[in-house]
Amino acid sequence: MTTFRSVNPARPDDVVGEYPQHGAGDVDDAVARAAAAQRDWARRPVPARADVIAGAGGIIARDKDRFGDLVAREAGKILVEAGGDVQEAVDMAYFVAGQGRSAWGETVPSELGDKLCWTTRQPVGVVGMITPWNFPIAIPSWKIFPALLAGNGVVIKPSEHAPACCELFAAACVEAGVPADLIQVVHGFAEPAAALAVHPGVGAVSFTGSVPTGRKVAAAAMETGPRVVSLELGGKNAMVVRPDADLDLAVDGAVFGAFGTSGQRCTSTSRLIVHPDVAGELVDRIVKRASELRLGDPRDQGTDVGPVITGSSSERIGAMVAAAVDEGATVATGGGPVEVEGCAGAAFFAPTVLTGVRPEHRIAREEVFGPVLAVLEVAGLDEALEVVNSVEYGLSAAVYTRDISAALRAVDAIDTGIVYVNAPTIGAEIPLPFGGTKHTGNGFREAGTRGIEQFSQPKTVYVDYSGRLQKAQIDTHPLREDESA
Ligand code: NAD
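The model shown is predicted, which means the values in this text are computed figures rather than measured ones. Here the residue numbers are simple positions, counted from 1 along each chain's written sequence. In keeping with the predicted nature of the model, local features appear solely for residues at pLDDT of at least 70, side-chain atom pairs appear and are counted solely at 80 or more, and the whole-chain, interface and lining totals rest on all residues. Processing note: side-chain calculations cover all non-hydrogen atoms of the structure and skip hydrogens and water entirely.

### Description of the overall build of the protein
Right, on to step 1. Secondary structure elements are defined from DSSP: runs of H or I of at least 4 residues count as helices, runs of E of at least 2 residues count as strands, and each element is numbered from the N terminus. Secondary structure assignment for the protein yields 14 helices and 21 strands.
Right, on to step 2. Each principal axis of the C-alpha distribution contributes one length, and for the protein these read about 85 × 60 × 40 Å.
Right, on to step 3. With a 1.4 Å probe rolled over the protein chains alone, any residue whose accessible area is under 20% of its type maximum counts as buried; one over 50% counts as exposed, and the rest are partly exposed. Per-residue burial for the protein yields a buried fraction of 55% across its 485 residues.
Right, on to step 4. In this analysis, two residues are considered to be in contact whenever any of their non-hydrogen atoms come within 4.5 Å of each other. In the protein, the share of contacts with a sequence separation of at least 24, taken over all contacts with a separation of at least 6, comes to 74%.
Right, on to step 5. Charged residues are defined narrowly, with Lys and Arg counted positive, Asp and Glu counted negative, and His plus the chain ends left uncounted. Where a charge sits is defined by one atom per residue type, namely NZ (Lys), CZ (Arg), CG (Asp) or CD (Glu). The averaged location of the 61 negative side-chain charges in the protein is 4 Å from the averaged location of its 42 positive side-chain charges.

### Brief notes about the sheet that holds strand S21 (residues 456–464)
Right, on to step 1. For two strands to pair, DSSP has to find at least two bridges joining them. In spatial order, the strands read S3-S4-S21; together these 3 strands make up an open sheet with antiparallel pairing. The open sheet has two edge strands with one neighbour each: strand S3 (107–109) and S21. On average, each strand axis in the sheet is tilted by 25° relative to the strand beside it, whichever way the strands run. Every axis in this analysis is a line fitted to C-alpha atoms, fitted for helices over the stretch in contact. Angles between the N-to-C directions lie between 0 and 180 degrees.

### Looking at the sheet that holds strand S19 (residues 418–421)
Right, on to step 1. On the basis of which strands lie adjacent, the open sheet formed by 7 strands has the order S12-S15-S16-S11-S10-S18-S19 and mixed pairing. Pairing within the sheet leaves two strands with one partner each, and these edge strands are strand S12 (330–333) and S19. In this sheet, adjacent strand axes meet at a mean angle of 25° when their direction is disregarded.
Right, on to step 2. When strand S11 (residues 269–274) meets strand S16 (residues 372–377), the two strands line up parallel, connected through 4 bridges.

### Some thoughts on the site of the ligand
Right, on to step 1. The criterion for a residue being near a molecule or strand is simple. One of its heavy atoms has to lie within 4 Å of it. Taken together, 27 residues surround the ligand, and among them Lys157, Glu160, Ser210, Leu233 and Glu367 come closest.
Right, on to step 2. Identification of polar contacts relies on pairs of N or O atoms within 3.5 Å, with a donor-acceptor requirement for protein atoms, meaning one able to donate a hydrogen and the other able to accept it, and with residues adjacent in sequence counted only if both atoms are side-chain atoms. Interatomic distance of 2.6 Å between a side-chain N/O atom of serine 210 and an oxygen atom of the ligand.
Right, on to step 3. Only the protein chains shown count as cover for residues, and the accessible areas themselves come from Shrake-Rupley with a 1.4 Å probe. Protein chains bury 88% of the 850 Å² of accessible surface belonging to the ligand in isolation.
Right, on to step 4. Listed by contribution, the elements that provide at least two residues to the shell around the ligand are helix H7 (190–197), strand S8 (204–208) and helix H8 (211–223).
Right, on to step 5. Tallying contributions element by element places H7 first for the shell around the ligand, with 3 residues.
Right, on to step 6. Taken together, the residues of the shell around the ligand sort by class into 15 nonpolar, 8 polar and 4 charged.
Right, on to step 7. Each of domain 1 (3–233 + 441–462) and domain 2 (237–421) accounts for three or more of the residues forming the shell around the ligand. Classification used: nonpolar for Ala, Val, Leu, Ile, Met, Phe, Trp, Tyr, Cys and Pro, charged for Asp, Glu, Lys and Arg, polar for all others including Gly. The domain boundaries here were taken from an automatic or database domain assignment.

### A word on the pairing of strand S2 (residues 11–20)
Right, on to step 1. Where strand S1 (residues 3–8) meets S2, 6 bridges bridge the pair, whose relative direction is antiparallel. The residue of S2 that forms the bridge with valine 7 is valine 15.
Right, on to step 2. Here S1 folds back onto S2, and the loop between the two strands holds 2 residues.

### A look at the packing of helix H2 (residues 46–62) against helix H4 (residues 79–99)
Right, on to step 1. Close contact between H2 and H4 brings their axes to 8 Å; oriented N to C, the two are set at 160°. Viewed along their axes, H2 and H4 adopt a mutual orientation that is roughly antiparallel. In the packing of H2 onto H4, the handedness of the crossing is left-handed. Residues Ala50, Ile53, Ala54, Gly57, Gly58, Ile60 and Ala61 of H2 lie in contact with H4, whose contacting residues are Val86, Ala89, Val90, Ala93, Tyr94, Val96 and Ala97.
Right, on to step 2. Residue composition of the contact of H2 with H4, by class: 12 nonpolar, 2 polar and no charged. Here the angle decides the label: under 35 degrees means roughly parallel, over 145 means roughly antiparallel, 65 to 115 means roughly perpendicular, and every other value means oblique. Should the near helix be turned anticlockwise from the far one by less than a right angle, the crossing is termed left-handed; should it be turned clockwise, right-handed.

### What about unusual backbone geometry?
Right, on to step 1. Positive phi is not limited to glycine here, since aspartate 114 has a value of about 50°.
Right, on to step 2. Its place among the elements puts aspartate 114 in the loop between S3 and strand S4 (115–123).
Right, on to step 3. Unusually for a residue other than glycine, phenylalanine 369 sits at a positive phi of about 55°.
Right, on to step 4. Checked against the element boundaries, phenylalanine 369 lands in the loop between strand S15 (352–355) and S16.

### Comments concerning the pairing of S19
Right, on to step 1. Side-chain alternation along S19 places Ile418 and Tyr420 on a buried face and Val419 and Val421 on a face that remains uncovered.
Right, on to step 2. In this structure, strand S18 (residues 396–400) lies alongside S19, joined through 4 bridges in parallel fashion. When the bridges of S19 are listed, alanine 398 appears paired with tyrosine 420.
Right, on to step 3. Handedness of the β-α-β unit built from S18, helix H13 (residues 404–413) and S19 comes out right-handed. Looking down the strands as they point away from you, a crossover is right-handed if its path from the first strand over the helix to the second goes clockwise.

### Brief notes about the domain arrangement of the protein
Right, on to step 1. In terms of domain boundaries, the protein breaks down into domain 1 (3–233 + 441–462) and domain 2 (237–421).
Right, on to step 2. Computed from C-alpha coordinates alone, the two centres of domain 1 and domain 2 are separated by 30 Å.
Right, on to step 3. Counting residues at the interface gives 24 residues for domain 1 and 29 residues for domain 2.
Right, on to step 4. For the domain 1 and domain 2 pair, buried surface summed over both sides reaches about 2,100 Å², with 57% attributable to carbon and sulfur atoms. For any pair of parts, buried area is found by adding up, for both, the accessible area (1.4 Å probe) each one loses once the two are put together.

### Side note on the packing of aromatic side chains
Right, on to step 1. The rule is short: rings of Phe, Tyr and Trp, with Trp giving its six-membered ring, pair when the centres are within 6.5 Å, and they are stacked under 30 degrees, edge-to-face over 60, tilted in between. With the rule as written, the count across this model stands at 5 aromatic pairs.
Right, on to step 2. When the centroid spacing of 6.1 Å and the interplanar angle of 40° are considered together, the rings of phenylalanine 4 and tyrosine 19 count as tilted. One end of the pair, phenylalanine 4, is in strand S1; the other, tyrosine 19, is in strand S2, with 15 residues separating them in the sequence. Tyrosine 19 carries the same exposure label as phenylalanine 4, and that label is buried.
Right, on to step 3. Ring pairing ties together the aromatic residues Phe4, Tyr19 and Phe189, which thus form one cluster.
Right, on to step 4. For a lysine, the NZ atom is tested; for an arginine, the CZ atom; a charge sits over a ring if that atom is within 6 Å of the ring centre and within 35 degrees of the ring normal. When the ring centre of phenylalanine 135 is taken as origin, the NZ or CZ atom of lysine 77, which lies over that ring, is 3.5 Å away.

Structure below.
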């Protein structure tokens with residue numbers, strides 16, 4: 001079988017692992033194995049499934065350093081961020097396990113006598129999952145734990161840039177007691193993912209990645225069969241800074257939001273929409289901080305910013321910066337790739353601030369997925385909020401102000417799935433829904449108490465113990481009829 005290599009983006013000579021390039025036939029086998037294992041799994045009581053998931057959380061917590069080091073090595077995240085990625089999976093395990101002993105549906109009083117009405121949830125069977133590389137432990141956990149709790153089997157196609165992380169995650173699940181065949185990992189590029197999305201044995205497809213890929217996956221998946229398709233896609237996240245904002249806080253938030261994970265988070269801060277009265281000072285301070293960030297091997301404790309994932313990512317980011325300059329933007333710092341000593345062949349991109357950006361510029365509208373902050377100066381609050389909403393994405397936004405009315409007006413007006421006040425666009429917590437509006441998704445939310453919805457179908461149950469035919473909406477006053485008899 002043809003194979004591919006996963007390499008350390010900071011040291012491309014360091015091969016993390018070699019994996020098969022699976023094809024459609026392998027996906028068939030994986031779906032069949034997961035489906036066979038799912039039948040027994042679905043018979044286990046929900047709290048028993050929850051106990052296994054809690055066990056997986058315990059194993060990941062026990063091995064957190066090992067997981068974190070692999071995330072840093074394979075995905076290029078600095079150690080502290082890699083640890084956060086892993087911690088998210090631990091938190092998700094415990095949160096989802098708790099849901100295994102929580103309400104599983106609703107009971108509703110019937111309009112008729114001697115009749116019970118309730119809802120329950122049933123598994124969809126096998127869930128096909130396609131995941132990106134940038135949260136290589138957290139994102140599989142957001143999908144796999146709720147899918148398992150709901151009684152499903154799983155076939156996951158992780159990013160070709162993070163196969164080892166997914167294998168380690170699946171191994172922790174098996175060690176915790178998940179039946180060996182219940183989680184199937186298939187590897188490769190587009191081919192196995194595309195086959196999974198349209199597989200007739202797959203009851204739900206859960207995709208996280210870029211908008212163009214997500215659109216293809218959703219269109220194909222819906223064309224070939226009735227199934228749940230959930231999409232978590234890109235962002236073009238804005239931070240609005242008002243003239244009364246605490247600028248120390250705004251500088252910290254912008255630097256962390258724009259350059260953390262080398263700008264490669266779906267929630268990275270990509271636009272700074274700032275009032276002209278404070279723009280000069282704010283930008284100067286961000287530029288100074290950005291130029292002081294230490295680029296290096298993410299596994300070195302002193303590194304602030306690691307590489308971008310591939311050379312072609314760096315080229316794409318560079319082309320977007322060049323196009324922004326052509327459209328009239330100015331590079332205030334950064335602007336291109338940089339060499340880092342000891343990391344030959346790695347793709348590092350300098351933390352970049354672009355000033356003079358207009359809302360119609362490409363750099364203000366398209367996801368960069370790299371360490372680039374576009375600064376737009378806008379005076380009025382309403383105008384600033386219009387600029388926030390003027391893009392096709394709707395994932396995350398932040399507003400920095402000390403004016404409570406302005407903050408709450410912004411919370412109301414901003415059309416994104418997540419809004420922060422006086423905090424950066426990154427930093428979601430797992431008990432709350434995560435996802436976005438417009439082209440960022442298709443209405444589903446991951447995490448939170450409703451994170452299970454994409455992996456299960458509600459079933460409404462009516463039990464009539466009256467011993468006679470009762471007709472809803474017609475026999476709406478059965479007791480009165482009884483009295484007249
Ligand atoms: P990507 O779209 O390139 O790849 C995602 C997955 O799709 C990978 O497993 C890839 O192999 C697979 N794929 C590629 N071509 C395919 C095809 N034709 N059919 C089916 N699958 C295919 O994304 P990426 O570069 O891995 O991740 C970055 C993107 O993910 C960014 O846009 C980022 O904003 C987004 N993202 C979104 C969220 C969220 O929750 N909203 C979270 C993390 C990342």
